[in-house]
Amino acid sequence: MRVNNILLITTGGTIQGNVAIRKDKDSIHKINSFAELILPTNGYFKDKWQCDINVDLEEMCNVDSSDILPEHWKKLCELIVQKYDEYDSFIISHGTNTLGYTCAALSFAISNLGKPVILTGSQVPAGLPGSDAITNLNNAIKVAAWPYADTQVKGVVAVFGSHIITGTRVKKSTEFDYDAFQSFSSGSIGRIGRIINFNEKNLKKHLGYLQSKHYNMALHSDDLIWNNEYDMRIVSLTEFPGMSPDIFKTLVENNDIKGFIFRAFGAGDVSANLHKAFEYLKTYEIPIVVTTQAPNGNSNFQVNEPGQLLKEKKLAIPAYDMSIESQTAKLAWLLAKKAKGEMGYSDVLREMTEDYRGEINVLLEQKQ
């Protein structure tokens, strides 16, 4: 019988907010390990898939996900690389508030994962009535140990509720429902309930980003191509009527800001009142990514005159249909390369509009 070795990395969050309590015949004791909670389902995998599941626990940190920082992204990446040869897959338990950011950051950090890296969490803590913690963990294990080669998941994904979502499209959509996450602006890799129903087209597309003419999916840690540096000197702003253009210059001069993400009107239709500020940023080679305030919009600078002027003057980078999580992680990742002299301003402008890991999903004619 084959053994699937899984490393369960815990970071805190709701799923870890309350240690579960199990009542025995004579006493009540606390269960400190998620691995202990999920072991009863191991019999299913033995009978159904002739697979023995071995779960080891690595407690990386225990923080609310609102307190997750790029330092945590770096530690997660380094831990995966360090343990890559010891395990068949990795599951990361994570709070829901910033789970999408961590998914995106890890997606960009490691280019050619040949194993699953699955993030999950819960809306209700383990041990409380109605908790979805163990269901989500078991579903994550189900995806990690999936035995059918033609639909095996590799790379960074989120498994939460009934959704399996590629790492660059993880978007929290509700604070209430068990299905807290949706695939932003495009279909998910699959749905999971009693069975797993993969969307084979979307899965194939997701896997396609993990290999190219320059590299293959990594079988061993020495084969991994990874870079986990992030320059977070970024400001994220939302446009409103009458916004002062002086804000941009003040932020740059007083805070050493190296990049902006800007939620504009319409399809990236920045007010002409702000073009002077955008010209200032261009002069000092500070990239600004323009997205839209519309929940499922597409910022492409092609619909209305304000956006067309941005494109004509090369004043900003269109976000297309990238989520705010992917925009932020990707810009920070590219700015770190710029800070180290590995790429210049024009490289950042170009690479932000290149589809690295499925973060951009637009029709070809929209990029002309």
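Residues numbered from 1 in each chain as written. Predicted model: local features only at pLDDT ≥ 70, side-chain atom pairs only at ≥ 80, totals over all residues. Heavy atoms only, no water.

*Asks:* Can you break down the sheet that holds strand β11 (residues 190–192) residue by residue, with the values?
*Replies:* The 8 strands lie next to each other as β4-β1-β5-β6-β7-β8-β11-β12, forming an open sheet whose pairing is mixed. Where the open sheet ends on each side, the last strands, each with one partner, are β4 (51–59) and β12 (196–198). Mean inter-strand twist for the sheet, computed between neighbouring axes without regard to direction, equals 25 degrees. With 5 bridges joining them, strand β1 (residues 2–10) and strand β5 (residues 89–93) adopt parallel strand pairing. Residue pairing in the sheet places Ile 9 in a bridge with Ile 92 of β5. Taken strand by strand, helix α2 (residues 42–49) contacts β1 and β4, and its axis lies near 145 degrees from that of β4. (Pairing = 2+ DSSP bridges. Helix = DSSP H or I, 4+ residues; strand = E, 2+ residues; numbered from the N terminus. Axes fitted to C-alpha atoms, helices over the stretch in contact; angles between N-to-C directions. Contact = heavy atoms within 4.5 Å.)

*Asks:* Just give me the short version of the pattern of salt bridges, but keep the residues and values in it.
*Replies:* Within the structure shown, the criterion is met by 11 salt bridges. Lys 46 is paired through a salt bridge with Asp 52; the nearest N and O atoms lie 3.9 Å apart. One salt bridge connects Glu 342 with Lys 340, and the closest N-O pair in it is separated by 3.6 Å. Exposure remark for Glu 342: the relative accessible area of 48% places this residue in the partly exposed category. When salt bridges with common partners are traced through the structure, they connect Asp 231, Arg 233, Asp 256 and Lys 258 into a single cluster. (Salt bridge = Lys/Arg side-chain N within 4 Å of Asp/Glu carboxyl O. Buried < 20%, exposed > 50% of the residue type's maximum accessible area, 1.4 Å probe, protein only.)

*Asks:* Got a sec to walk through a negative patch on the surface? Specific residues and values, please.
*Replies:* Where like charges cluster on the molecular surface, the negative patch consists of Asp 85, Glu 86, Asp 222 and Asp 223. Structurally, the position occupied by Asp 85 is in the loop between α3 (70–83) and β5. The class of Asp 85 is partly exposed, set by a relative accessible area of 47%. (Patch = residues over 30% accessible without salt bridge, like charges linked within 9 Å, V, L, I, M, F, W, Y side chains within 5 Å. Areas by Shrake-Rupley, 256 points an atom, 1.4 Å probe, with all protein chains shown as cover. Lys, Arg positive; Asp, Glu negative; His and termini not counted. Charge placed at Lys NZ, Arg CZ, Asp CG, Glu CD.)

*Asks:* I'd like a rundown of the side chain of Asn 228, residues and numbers included.
*Replies:* Note that Asn 228 resides in the loop between α6 (200–208) and β13 (234–238). A polar side-chain atom of Asn 228 sits 3.2 Å from the main-chain carbonyl oxygen of Lys 74. (Polar contact = N/O pair within 3.5 Å; in protein donor to acceptor, adjacent residues only side chain to side chain.)

*Asks:* Give a detailed account of the packing of α3 against helix α4 (residues 99–109), specifying residues and quantitative values.
*Replies:* Their axes nearest at 10 Å, the elements α3 and α4 cross at an angle of 50 degrees. Taken together, the axes of α3 and α4 are oblique relative to one another. Note that α3 runs across α4; the crossing there is right-handed. Contacts between α3 and α4 involve Trp 73, Leu 76 and Cys 77 from the former and Tyr 101, Thr 102, Ala 105, Leu 106 and Ala 109 from the latter. Partitioning the contact of α3 with α4 into residue classes produces 7 nonpolar, 1 polar and no charged. (Parallel < 35°, antiparallel > 145°, perpendicular 65-115°, else oblique. Left-handed = near helix turned anticlockwise from the far one by under 90°. Nonpolar A, V, L, I, M, F, W, Y, C, P; charged D, E, K, R; others polar.)

*Asks:* Can you explain helix α11 (residues 345–352)? Please cite residues and give values.
*Replies:* All of the buried residues along α11 are Tyr 345, Val 348, Glu 351 and Met 352. Axial view of α11: buried residues confined to an arc of 135 degrees, hence all on one face. Lining the buried residues of α11 we find α8 (275–283), β15 (288–292), β16 (317–318) and α10 (324–339). (Arc of directions from axis to C-beta.)

*Asks:* Describe in detail the packing of α10 against α11, supporting the description with residues and values.
*Replies:* For the pair α10 and α11, interaxial distance at closest approach is 10 Å and the crossing angle is 155 degrees. What the angle tells us is that α10 and α11 run roughly antiparallel. For α10 against α11, the interelement crossing comes out right-handed. Mapping the contact onto sequence places Gln 327, Lys 330, Leu 331, Leu 334 and Lys 338 in α10 and Tyr 345, Val 348, Glu 351 and Met 352 in α11. When the residues that make up the contact of α10 with α11 are grouped by side-chain class, the tally is 5 nonpolar, 1 polar and 3 charged.

*Asks:* Describe in detail the packing of aromatic side chains, supporting the description with residues and values.
*Replies:* On inspection of all chains with the given rule, the structure shows 14 aromatic pairs. Relative to Tyr 230, the ring of Trp 73 has its centre 5.1 Å away and its plane inclined at 80 degrees; by these criteria the two rings are edge-to-face. Here Trp 73, found in helix α3, pairs with Tyr 230, found in the loop between α6 and β13; they are 157 residues apart in sequence, far enough to count as distant. The exposure class of Tyr 230 is buried, given its relative accessible area of 11%. (Phe/Tyr/Trp six-rings, centres within 6.5 Å; stacked < 30°, edge-to-face > 60°.)

*Asks:* Any chance you could break down the sheet that holds β15 for me, citing the residues and the numbers?
*Replies:* In space, the 4 strands of this open sheet follow the order β13-β14-β15-β16, with parallel pairing throughout. Of all the strands in the sheet, the pair left with one neighbour each is β13 and β16. Note: strand β14 (residues 259–264) against β15, 5 bridges, orientation parallel. Counted as the bridge partner of Phe 260 is Ile 288 from β15.

*Asks:* I'd love a proper account of unusual backbone geometry, names of residues and values included.
*Replies:* Its identity is not glycine, yet Gln 50 carries a phi of approximately 50 degrees, on the positive side. Assignment of secondary structure puts Gln 50 in the loop between α2 and β4. Under the relative-accessibility criterion, Gln 50 is labelled partly exposed at 47%.

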